[in-house]
Amino acid sequence: MDMQNTYLDQLLEAGLLFDTGIDGLYGRSGTFENVIERFEALVTRYGSADGAEVIRFPPGMSRPYFEKSGYLKSFPQLAGTVHCFCGDDKGHSRIIECLEAGEDWTGQQEASDIVLTPAACYPLYPLIAKRGRMPEGGRLFDLQSYCFRHEPSKEPTRMQMFRMREYVRAGTPEEVVEFREKWLERGKALITSLELPMDVDVANDPFFGRAGRMMKVNQRDQGLKFELLVPVNSEENPTACLSFNYHQNHFGHTWGIETSTGAEAHTACVGFGLERVTLALFRHHGLDVEKWPASVRKVLWG
Ligand code: ATP
Ligand code: ZN
């Protein structure tokens, strides 16, 4: 058995995660959720002085907005859509017949207006744009959402449904770069305070296909994405627990977000993978939170 299976098995056996029959889709125990809650409170402590506007979107977003966002150009392999039955009695009978015969019943389903949110910040940009030209100094948001990515895996750190806490900055290039630098330092301090080993490295998103290869190279060359990595499943392949993304004018251009002077806004976000950080804590400090180092417990529980 490989390491990855072992850690997942341990988490299931310890009752921290619950199997649902699908890789990457788990129930969480009260203890697991409590760690997530305390970690989020810690993130809030680091960010609170900045006065971000708090918004909590549901885990689904507008399909038209999703289509316009460009997600399907870059990551069609990860997207999840919501389909619903919109038929009549005949269609209903067909579903039942298919189920009874063990055949595919989903042919009766039609795409709804909702898709699953792929990253916490995707529903935000159209909202910023709709508010009109930004005030001087731009805007700052505090988001958290369940996200979906179709990447089934036995690695507990690669889930299909997981939560992302994010701070998102929109403003001039200088404002946005400064925000990202500040959070890189805060992120390192935060993870150090939890006594987790880490490394920060330049990274790329999993852009799809042949056209995606160039995008990966460009993203790396321009240093647009950094990740804070913690070994969780293995030492050789540490896990991205925090991401620091500079989108340049991508969303500003797509959505027509304007700075106070009418220039195309730049945006950046810092994303905390809430399950990943929690899994890193259990990996390094043990599966029993009562036995975690007192210093770590103090940071989380005060
Ligand atoms: P990876 O490179 O491992 O696929 P990512 O860097 O593409 O992850 P982002 O798109 O930057 O991830 O997402 C922000 C954060 O969300 C990541 O830093 C990570 O902590 C978390 N995350 C991303 N994908 C998953 C997943 N499948 N399961 C759990 N957490 C995830
Ligand atoms: Zn984001």
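All values reported here derive from a predicted model rather than from experimental measurement.

1. Remarks on the packing of helix H2 (residues 30-47) against helix H10 (residues 274-285)
Their axes nearest at 10 Å, the elements H2 and H10 cross at an angle of 110 degrees. By the angle between their axes, H2 is roughly perpendicular relative to H10. In this structure, the crossing between H2 and H10 has a hand that is right-handed. Residues Thr31, Phe32, Val35, Ile36, Phe39 and Glu40 of H2 pack against Leu274, Glu275, Val277, Thr278, Leu279, Leu281 and Phe282 of H10.

2. Description of the domain arrangement of the chain
Often the size quoted for an interface is simply the accessible area lost on bringing the parts together. Domain boundaries in the chain define domain 1 (3-80 + 118-301) and domain 2 (82-115). Relative placement of domain 1 and domain 2: their C-alpha centres are 34 Å apart. At the junction of the two partners, domain 1 supplies eight residues and domain 2 supplies six residues. Area buried by domain 1 at its contact with domain 2 is led by Met61, Arg63 and Gly80, which between them contribute 74% of it. Applying the counting criterion to the domain 1 and domain 2 interface returns zero salt bridges. At the surface where domain 1 touches domain 2, the tally comes to three residue pairs in polar contact (both at pLDDT 80 or more). Counting only elements with at least two residues in the side of domain 1 that touches domain 2, the list comes to strand E4 (60-62) and helix H3 (63-69). In terms of residue class, the side of domain 1 that touches domain 2 is made up of four nonpolar, three polar and one charged.

3. A word on the sheet that holds strand E7 (residues 139-148)
If you trace the seven strands from one edge of the open sheet to the other, you get E3-E7-E8-E12-E11-E10-E9, paired in mixed fashion. This sheet does not close on itself; its edge strands, each paired only once, are strand E3 (53-55) and strand E9 (199-202). This sheet shows a mean twist of 20 degrees between the axes of neighbouring strands, independent of strand direction. Where strand E8 (residues 161-171) and strand E12 (residues 266-273) come together, eight bridges link them in antiparallel fashion. Note that in E12 the partner of tyrosine 167 across the bridge is valine 270. Across the sheet, H2 lies against E7, E8 and E12, angled at about 10 degrees from E8, the strand it touches most.

4. A short note on the coordination of the zinc ion (ligand 2)
Those donors, Cys121 (SG), Glu166 (OE) and Cys269 (SG), are the protein atoms that reach the zinc ion (ligand 2), and they lie 2.2 to 2.3 Å from it. Site description for the zinc ion (ligand 2): donor spacing in sequence, C-x44-E-x102-C. Of this pair, glutamate 166 sits in strand E8 while cysteine 269 sits in strand E12, and the two are 103 residues apart along the sequence. Accessibility assignment for this pair places glutamate 166 and cysteine 269 in one class, buried.

What counts, and where the lines are drawn
- Within any chain, residue numbers begin from 1 and follow the written order of that chain's sequence.
- A letter from A marks each chain and a number from 1 marks each ligand, given out in the order of writing.
- Reporting of local features is limited, given that this is a predicted model, to residues whose pLDDT is at least 70; pairs of side-chain atoms are given and counted only at 80 or more, and all residues count toward the totals for whole chains, interfaces and linings.
- Values shown for side chains rest on all heavy atoms present in the structure; no hydrogens or waters enter the calculation.
- Geometry is summarised by axes, namely lines fitted to C-alpha atoms with helices restricted to the contacting stretch, and by angles between N-to-C directions that run from 0 to 180 degrees.
- Secondary structure elements follow DSSP: runs of H or I no shorter than four residues count as helices, runs of E no shorter than two count as strands, and numbering proceeds from the N terminus.
- For classification, angles of less than 35 degrees are called roughly parallel, those exceeding 145 degrees roughly antiparallel, those between 65 and 115 degrees roughly perpendicular, and all remaining angles oblique.
- When the near helix sits turned anticlockwise from the far one by under a right angle, the crossing is termed left-handed; a clockwise turn instead gives a right-handed crossing.
- Any pair of residues with heavy atoms lying within 4.5 Å of one another is described as a contacting pair.
- Each domain's extent is set by a domain assignment, obtained either automatically or from a database.
- In this description, buried area is defined as the sum, over both parts, of the accessible area (probe of 1.4 Å) that is lost when the two are combined.
- We define a salt bridge as a side-chain nitrogen of Lys or Arg found within 4 Å of a carboxyl oxygen belonging to Asp or Glu.
- Any pair of N or O atoms that falls within 3.5 Å is considered a polar contact. Within protein, one atom must be able to donate a hydrogen and the other to accept it, and sequence-neighbouring residues count only if both atoms are side-chain atoms.
- Only Asp, Glu, Lys and Arg are considered charged, only Ala, Val, Leu, Ile, Met, Phe, Trp, Tyr, Cys and Pro nonpolar, and every remaining residue, Gly among them, polar.
- Whether two strands pair depends on DSSP finding at least two bridges between them.
- The donor set covers N, O and S atoms within 2.8 Å of the metal, switching to 3.2 Å for Na, K and Ca, and it leaves out water, so a site may look short of donors.
- Summary of the burial criterion: residues with accessible area below 20% of their type's maximum are buried, those above 50% are exposed, and those between are partly exposed, where the area comes from a 1.4 Å probe applied to protein chains only.

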